[in-house]
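Chain by chain, the residues run as shown.
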Amino acid sequence: MESTFKEMRDGESVLDLSPKANVAGGVEDVYGEDRATEDQLVTPWTISIASGYSLLRDPHHNKGLAFTEKERDAHYLRGLLPPAVATQELQEKKLMESLRKYEVPLQRYMAMMDLQERNERLFYKLLVDNVEELLPVVYTPTVGEACQKYGSIFRRPQGLYISLKEKGKILEVLKNWPEKSIQVIVVTDGERILGLGDLGCQGMGIPVGKLALYTALGGLRPSSCLPITIDVGTNNEQLLQNEFYIGLRQKRATGKEYTDLLHEFMCAVKQNYGEKVLVQFEDFANHNAFELLAKYGTSHLVFNDDIQGTASVVLSGVVAALKLVGGTLPEHKFLFLGAGEAGTGIAELIALEISKQTKTPVEETRKKIWLVDSKGLIVSSRKESLQHFKKPWAHEHEPVKELIDAVKAIKPTVLIGSSGVGKTFTKEVVEAMASINEKPIILALSNPTSQSECTAEEAYKWSEGRAIFASGSPFDPVEYNGKIFVPGQANNAYIFPGLGLGLIISGAIRVHDDMLLAASEALAGQVSQENFDKGLIYPPFSNIRKISAHIAANVAAKAYELGVATRLPRPENLVKHAESCMYSPIYRNYR
């Protein structure tokens, strides 16, 4: 026995010890835990069926008061719950009443996050059944405030944190995540969270929120979703000085140090989860977002929601709006305020769709689209000083500094804001659009609400009720001249859950631009005449699961057509197949 303890002191793992030595009672000490000294490392193994107190603490299986009498007996729950038995519907009613009593949106957000950690199915049931009311709580605009205060409200990790400390060990870190069958990863480095800038490690609220929507709106299983934050530091001085900040206290890593960490991450993801795991890049700064998409688009199943998701949802809104304003897409002229990843992504997808419709090279169709950045209209005389992703939009025109002058010079039929700067669609700009067009299309897409280029009320009032308006964050209906206007919301949540579902049910191994066009087409096709009568260019979110199934079917069909689908044979009815694959948050019965 003495020699055994000597070996343990010398650092040998308890798992390497002979398991033959028995402890009192003749029970074999398989893992060597009882023979370990206090400084010896042991593995806390536990593999068992959840029951009793542990079942009530397991969010995947907990049903609270909804456990039946039979289940309470079978799973040792007697006495651990009050005697009443509630239905899931009654639990939902009680929680919605409770949520509505909170006056501060952040309190609602925290209550929803607590519920997700306590009772997963009830959380998703609430979100699915009350999507229009709760979407602004779990996502924009409230998630922006949650990210800003994430260090103060942080309770328990909801995803994986991979920092520079984990360099060389990322594969091991991925293996620490308890779920092994991951289908979708949403990853951020926190550098450009919504319109709020660099929030570093506190950007985790975005992947957590996006994946909640993947499940609620697109029907992906919660266990197949993995939120990840890559922490390479932050340049936000306020956070670095904040005692509650949860991330690395250093300036952002750049250059080789940054690209090496990201490359190790992308290789580890593919090695651990395979070829068909979808990696969605979220809220990376422009320079990194474009590079990552270009670099890994040919080797991984990757998607950037800020570039591609936004583009797809906006193209859909524009296509739908044509039914209200008339004309075909190639007949319209577009002016963007904002030439970052969202603006150039939307512009490129519109140019691709015009190219497809007219069979004209995309280099030609780009000429119908003009962009304004912080220095004014992007024109060919500025080409040398432009970032690479802006160069295709530098057309022949004399320099124009202000947006209002660009509107007057270009005379666009569609004005799109993706600048991240609030109040930039001024009264003068909207009035100019209304003087050029009978029904100007005005899309103020920046998030959160405080960063919107203009409000719904301003757009309708300044255009004398003629504008076709949609925004990135939600606005309430507006009454103008005795008529009620319902503003649309160009929310990426229309697109990415259905797109992700389509990629997964087809087993796609790459994302192709044609899939984004297919998603836009499917979404535009879901806008009913009743919606158009209200001036809406997007369908109501209350039908989102049906919409997601149609988008998934269209995307999957395109994957089969392009030969990048691996789930064979192709199902006959893709819409029904998509619906049948969707996760349901209804409680299960336990034996």
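Counting restarts for each chain: residues are numbered from 1 in the order of the written sequence. For a predicted model such as this one, the threshold for reporting local features is a pLDDT of at least 70, and the threshold for listing and counting side-chain atom pairs is 80 or more; totals across whole chains, interfaces and linings nevertheless cover every residue. Hydrogens are left out, water is left out, and the side-chain values use all remaining heavy atoms of the structure.

Per an unreviewed UniProt entry, the recorded name for the protein is Malic enzyme, and the organism is Macleaya cordata. UniProt positions are given in the numbering used here, feature names are shortened, and annotations may be inferred rather than shown by experiment. For the record of the protein, the UniProt heading Sequence similarities (unreviewed entry) holds the text "Belongs to the malic enzymes family." Regarding the protein, the relevant UniProt record gives this comment under Catalytic activity (unreviewed entry): "oxaloacetate + H(+) = pyruvate + CO2".

Caption draft 1: Just helix α13 (residues 255-273), in detail. Secondary structure follows DSSP: runs of H or I at least 4 residues long count as helices, runs of E at least 2 residues long count as strands, and numbering of each begins at the N terminus. Multiplying 1.5 Å by the residue count of a helix minus one yields the expected span of that helix. For α13, built from 19 residues, the straight-helix expectation of 27 Å at 1.5 Å per residue is met to within 8% by its first-to-last C-alpha distance of 27 Å. To sort residues, take the accessible area from a 1.4 Å probe on protein chains only and compare it with the maximum for the residue type: under 20% means buried, over 50% means exposed, and anything in between is partly exposed. Among the residues making up α13, those that are buried are Y258, L261, L262, E264, F265, M266, A268, V269 and Y273. One or two steps after α13, the chain reaches G274, where phi turns positive at roughly 95 degrees.

Caption draft 2: Representation of the packing of aromatic side chains in the model. Pairing of aromatic side chains here covers Phe, Tyr and the six-membered ring of Trp, requires ring centres within 6.5 Å, and sorts the geometry by plane angle: under 30 degrees stacked, over 60 edge-to-face, intermediate tilted. Evaluated as defined, the whole model comprises 13 aromatic pairs. Centre to centre, the rings of Y494 and Y538 are 5.4 Å apart; their planes meet at 15 degrees, and the pair counts as stacked. Separated by 44 residues along the polypeptide, Y494 in the loop between β14 (488-489) and α21 (496-506) and Y538 in the loop between α23 (529-533) and α24 (544-562) bring together distant segments of the chain. Taken individually, Y494 and Y538 each receive the classification buried, so the pair is uniform in this respect.

Caption draft 3: Summary view of the side chain of N119. Within the secondary structure layout, N119 lies in the loop between α5 (105-118) and α6 (120-129). For N119, a relative accessible area of 3% translates into the label buried. Distance and chemistry together define a polar contact, namely a pair of N or O atoms within 3.5 Å, with one atom able to donate a hydrogen and the other to accept it when in protein, and with adjacent residues in sequence counting only for side-chain atoms on both sides. From its side chain, N119 meets the backbone oxygen of N62 in a polar contact 3.4 Å long. The contact criterion used is simple: two residues touch if any of their non-hydrogen atoms lie within 4.5 Å. For N119, the contacting residues outside a window of four places in its chain are P59, N62, K63, G64 and Y587.

Caption draft 4: Spotlight on the pairing of strand β5 (residues 301-304). The two faces of β5 match: L301 and F303 on one face and V302 and N304 on the other face are all buried. Pairing of strand β4 (residues 278-281) with β5, which is carried by 4 bridges, proceeds in the parallel orientation. Bridge pairing in β5 places Q280 opposite F303. When DSSP finds two or more bridges between two strands, those strands count as paired.

Caption draft 5: Representation of the nonpolar core within the structure. Working definition of a nonpolar core: buried Ala, Val, Leu, Ile, Met, Phe, Trp, Tyr and Cys residues. They are joined through side-chain atoms within 4.5 Å. Of all hydrophobic cores here, the largest spans 117 residues; its most connected members are F334 and I416. Counting residues in hydrophobic clusters, the runner-up holds 36 residues, among them L160, I162, L164 and L226.

Caption draft 6: Spatial organisation of the domain arrangement of the protein. Just so you know, the domain bounds were taken from an automatic or database domain assignment. Once the domains are mapped, the protein shows domain 1 (52-125), domain 2 (141-304), domain 3 (309-490) and domain 4 (494-563). For domain 3 and domain 4, the distance between their C-alpha centroids amounts to 22 Å. Of the residues lining the interface, 24 residues belong to domain 3; the matching set on domain 4 comes to 18 residues. Two parts placed together each lose some accessible area under a 1.4 Å probe, and adding up what both lose gives the buried area. Per-residue buried area on domain 3 facing domain 4 is highest for S312, S316 and V486; these three make up 23% of the total on that side.

Caption draft 7: Structural detail: the UniProt feature "binding site: a divalent metal cation" (unreviewed entry) in the protein. Annotation from UniProt places "binding site: a divalent metal cation" (unreviewed entry) at E282, D283 and D306. Taken along the chain, the residues just named run across 25 residues; in space they keep tight, none of their C-alpha pairs more than 6.8 Å apart. Residue class for E282 comes out buried when judged on its relative accessible area of 1%. Among residues more than four places away in sequence, those in contact with E282 are Y139, V186, V187, T188, D189, I206, K210, D305 and D306. Of the polar contacts made by the side chain of E282, one reaches the side chain of Q280; its length is 2.9 Å. Counting through the fold element by element, D283 comes out in the loop between β4 and α14 (286-296). Overall, D283 belongs to the buried group, its relative accessible area being 2%. Every residue in contact with D283, bar those within four places of it in the chain, is listed here: T188, D189, G190, E191, R192, I193, L194, I206 and D306.

Caption draft 8: Summary view of the environment of D513. With respect to the helices and strands, D513 occurs in helix α22 (residues 513-524). On the basis of relative accessibility, which here comes to 36%, the residue D513 falls in the partly exposed class. When the C-alpha positions of D513 and Q308 are compared, they lie 8.5 Å apart, and in sequence the two are 205 residues distant. Ignoring anything within four residues of it in the chain, the contact list for D513 reads L349 and L352.

Caption draft 9: Main features of the sheet that holds β4. The 5 strands are arranged β1-β3-β2-β4-β5 in an open sheet whose pairing can be described as parallel. Taken across any chain shown, the strands that pair with only one partner, and hence form the sheet edges, are β1 (160-163) and β5. For this sheet, the mean inter-axis angle between neighbouring strands, taken without regard to orientation, is 25 degrees. One ladder, built from 4 bridges, connects β1 with strand β3 (residues 225-231); its direction is parallel. Across the sheet, the residue bridging to L160 is I228, located in β3. Axes, fitted as lines to C-alpha atoms, cover a helix only where it is in contact. Angles between the N-to-C directions of the axes lie from 0 to 180 degrees. Those strands touched by α13 are β1, β2 (184-188), β3, β4 and β5, and its axis lies near 160 degrees from that of β3.

Caption draft 10: Quick look at the UniProt feature "domain: Malic enzyme NAD-binding" (unreviewed entry) in the protein. Those residues carrying the UniProt feature "domain: Malic enzyme NAD-binding" (unreviewed entry) are residues 307-560 in this numbering. Along residues 307-560 the backbone is 44% helical and 12% strand, and the end-to-end C-alpha distance reaches 24 Å.

Caption draft 11: Highlighting the sheet that holds strand β11 (residues 468-471). Judged by pairing direction, the sheet is mixed, and its 7 strands sit side by side in the order β8-β7-β6-β9-β10-β11-β14 without closing on themselves. The sheet is open, and its two borders are formed by β8 (376-377) and β14, each paired with just one other strand. Relative to strand β7 (residues 369-373), strand β6 (residues 334-337) runs parallel, the two sharing 4 bridges. Bridge assignment links L335 to a residue of β7, and that residue is W370. Across the sheet, helix α15 (residues 305-325) touches β6, β9 (414-417), β10 (441-444) and β11, and the angle it forms with β10 is around 155 degrees. Lying over the sheet, helix α16 (residues 341-358) contacts β6, β7 and β9, oriented at roughly 165 degrees with respect to β6.

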